[in-house]
Amino acid sequence: MPYRPANGSCQRLSRMVGAFAFGRCGWPGGALRVQSLPSRMSTSSPRKLIIAIDGPAGAGKSTIASHLARRLGYVNLESGAMYRALALKAIEWDISFDDETALVRLAHNSRIQIEPCLGGNRVLLDGRDVSQRVREADVTEAASRVSVHPNVRAWMVARQQEMGANGGVVMEGRDIGTKVFPAADIKVFLDADPVVREQRRMKQQQIKPGVAAEALAAELRERDRRDRTRATSPLVPASDALVLDSTELSEDEVLNRVEELVLRKLNHPSQVLE
Ligand code: DC
């Protein structure tokens, strides 16, 4: 997966909580192509929103979240990176993905940090830069497996709540609008046809049709199934989320829709958005 390496312009997240981290830059196309709203999306607004972006892999969450965060001067927190970092540590320590107690203990004994950079975020595990490693297939699969455990999730959710508590965040994941910030100012659930999501991932990872592409598609489908059917906090839209199907939408179109919502919220804070 084309996780762009940190570019040397990282700034420490000022409200980094004890242990954490997130982030990913980029998306298949790379360049930011947003034309609308630059001046109206004023970052001088006194109100710092909590924006939740949920959805399955390949729906475009990361791109939208990082563009939006940059536009608003907010921090983009990628909650999946926390699960990935823990999964990596479980691999390295040879801890079973089914051993909930051991995984929670491992979490307590880990330092996971996120450093937002101009071009994305760096993920540090116990001080080591694992930004690239956590995107590899074995960690991706393991992250989905460790995330099924209620006590692992409770630990993650508590950390994520601490990180976003002051607002000014665009947090992306699977349960941000339902569990982490059920009272988020804005909730978006971004979905897309599975075949389109697979194609986007292949483009992103520069995989040509063939065996590797089929393996990636199978992995994505299995991860989807696990994320959507787990007993605790399955991937579902919050009842008050804007559900956007990006199958037929360009990045700009999705971003414009979300930006419209943000503007309405900034201009009319008490209005219930639909
Ligand atoms: O967003 P991602 O692909 O980096 O997430 C990796 C895995 O982590 C995903 O398969 C499920 C889990 N996850 C989760 O359960 N809840 C979140 N809020 C974020 C990720």
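Residues numbered from 1 in each chain as written. Predicted model: local features only at pLDDT ≥ 70, side-chain atom pairs only at ≥ 80, totals over all residues. Heavy atoms only, no water.

K.L.:
Can you walk me through the overall build of the protein in this structure?
P.N.:
Looking only at helices and strands, one finds nine helices and eight strands in the protein. Relative to its full complement of 274 residues, the protein shows a buried share of 55%. In the structure as shown, the protein presents an accessible area of about 11,900 Å², 51% of it carried by carbon and sulfur atoms. (Helix = DSSP H or I, 4+ residues; strand = E, 2+ residues; numbered from the N terminus. Buried < 20%, exposed > 50% of the residue type's maximum accessible area, 1.4 Å probe, protein only. Areas by Shrake-Rupley, 256 points an atom, 1.4 Å probe, with all protein chains shown as cover.)

K.L.:
Would you take a moment to explain empty space enclosed by the protein for this structure?
P.N.:
Over the atoms rolls a probe the size of a water molecule, and in doing so it shows where empty space is left. As enumerated under the stated definition, the model contains five cavities of 30 Å³ or more in all. By volume, the largest cavity is sized at about 260 Å³. Taken together, 20 residues line the largest cavity, and the ones lying closest to its centre are Gly80, Arg84, Arg174, Arg223 and Asp227. If you list the elements that add at least two residues to the lining of the largest cavity, you get helix H2 (79-92), helix H4 (137-146), strand S6 (169-173) and helix H8 (211-229). Taken together, the residues of the lining of the largest cavity break down into three nonpolar, five polar and 12 charged. (1 Å grid on protein atoms, 1.4 Å probe; cavity = no way out; pocket = protein on both sides within 12 Å on 5 of 7 lines; lining within 4 Å. Points joined across faces, edges and corners; volume = space filled by probe spheres on them. Nonpolar A, V, L, I, M, F, W, Y, C, P; charged D, E, K, R; others polar.)

K.L.:
What's the story with the environment of valine 170 in this structure? I'm lost.
P.N.:
Examined against the element boundaries, valine 170 turns out to sit in strand S6. Judged by relative accessible area, which is 0%, valine 170 ranks as buried. With 101 residues separating them along the chain, valine 170 and alanine 69 place their C-alpha atoms 5.9 Å apart. Not counting residues within four places of it along the chain, the set of residues in contact with valine 170 comprises Ile51, Ile53, Ala65, Leu68, Ala69, Tyr74, Val75, Asn76 and Leu77. (Contact = heavy atoms within 4.5 Å.)

K.L.:
Is there a simple way to explain the packing of helix H3 (residues 100-108) against helix H5 (residues 150-164) in this structure?
P.N.:
The relative placement of two packed helices is expressed as an angle between their axes plus a distance between the axes. In contact at an axis separation of 8 Å, H3 and H5 are set at 20 degrees when each is read in the N-to-C sense. By the angle between their directions, the pair H3 and H5 is classed as roughly parallel. Seen from above, H3 lies across H5 with right-handed handedness. Only Pro150, Asn151, Val152 and Trp155 of H5 make contact with H3, whose side of the interface consists of Glu100, Leu103, Val104, Ala107 and His108. When grouped by side-chain class, the residues that make up the contact of H3 with H5 number six nonpolar, two polar and one charged. (Axes fitted to C-alpha atoms, helices over the stretch in contact; angles between N-to-C directions. Parallel < 35°, antiparallel > 145°, perpendicular 65-115°, else oblique. Left-handed = near helix turned anticlockwise from the far one by under 90°.)

K.L.:
Is there a simple way to explain the pairing of strand S7 (residues 186-191) in this structure?
P.N.:
Both faces of the sheet carry side chains from a regular strand, because those side chains alternate between them. Of all six residues that make up S7, six are buried, and the element is covered over most of its length. Because side chains alternate across S7, one face comprises the buried residues Ile186, Val188 and Leu190, and the other comprises Lys187, Phe189 and Asp191, equally buried. Relative to strand S8 (residues 242-245), S7 runs parallel, the two being bridged by four bridges. Paired with aspartate 191 across the bridge in S8 is aspartate 245. (Pairing = 2+ DSSP bridges.)

K.L.:
I would appreciate a short explanation of H2 in the present structure.
P.N.:
Across its 14 residues, H2 extends 21 Å between first and last C-alpha, which sits within 8% of the 20 Å expected from 1.5 Å per residue. Among the residues of H2, those classed as buried are Ser79, Ala81, Met82, Tyr83, Arg84, Ala85, Leu86, Ala87, Leu88, Lys89 and Ala90. Two residues or fewer past H2, aspartate 94 is found with a positive phi of approximately 55 degrees. (Expected span 1.5 Å × (residues − 1).)

K.L.:
Just checking my understanding: could you explain the sheet that holds strand S2 (residues 75-78) for this structure?
P.N.:
Think of a sheet as strands paired side by side through backbone hydrogen bonds, with each pair either parallel or antiparallel. Strand order across the open sheet formed by five strands is S2-S6-S1-S7-S8, with parallel pairing between neighbours. One side of each edge strand has no neighbouring strand; the edge strands of this open sheet are S2 and S8. Between one strand axis and the next, the sheet turns by 20 degrees as a mean value, whatever way the strands run. Alignment of strand S1 (residues 50-54) against S7, held across four bridges, turns out to be parallel. Residue pairing across strands places alanine 52 opposite lysine 187, the latter belonging to S7. Along the sheet, H2 contacts S2 and S6; its crossing angle with S2, the most-contacted strand, is approximately 45 degrees.

K.L.:
Please clarify how the nonpolar core should be interpreted in this entry.
P.N.:
Across soluble globular proteins, you tend to see nonpolar side chains buried next to one another. Judged by nonpolar contacts, the single largest core of 27 residues is most densely connected at Val152 and Met156. Among the elements of the structure, H2, H3, strand S4 (120-125), H4 and H5 are those that each provide at least two residues to this core. Per element, the largest residue contribution to this core is eight residues, and it comes from H2. Every residue in contact with valine 152, bar those within four places of it in the chain, is listed here: Tyr83, Leu86, Glu100, Leu103, Val104 and Val146. (Core = buried A, V, L, I, M, F, W, Y, C linked by side-chain atoms within 4.5 Å.)

K.L.:
Hey, could you run me through H3 in this one?
P.N.:
An α-helical segment advances 3.6 residues per turn. Residues three or four places apart therefore align on the same side. Among the residues of H3, those classed as buried are Ala102, Leu103, Val104, Leu106 and Ala107. In the core, the buried residues of H3 are packed alongside H2, H4 and H5.

K.L.:
Hey, could you run me through the site of the ligand in this one?
P.N.:
Taken together, 15 residues sit near the ligand, with Arg84, Arg153, Arg174, Asp175 and Arg230 positioned nearest. Side-chain polar atom of serine 147 to an oxygen atom of the ligand: 3.5 Å apart, as the coordinates give it. A distance of 2.9 Å separates an oxygen atom of the ligand from a polar side-chain atom of arginine 230. The cavity where the ligand resides is the largest cavity. (Near = heavy atom within 4 Å. Polar contact = N/O pair within 3.5 Å; in protein donor to acceptor, adjacent residues only side chain to side chain. Sits in = over half its atoms within 2 Å of the grid points.)

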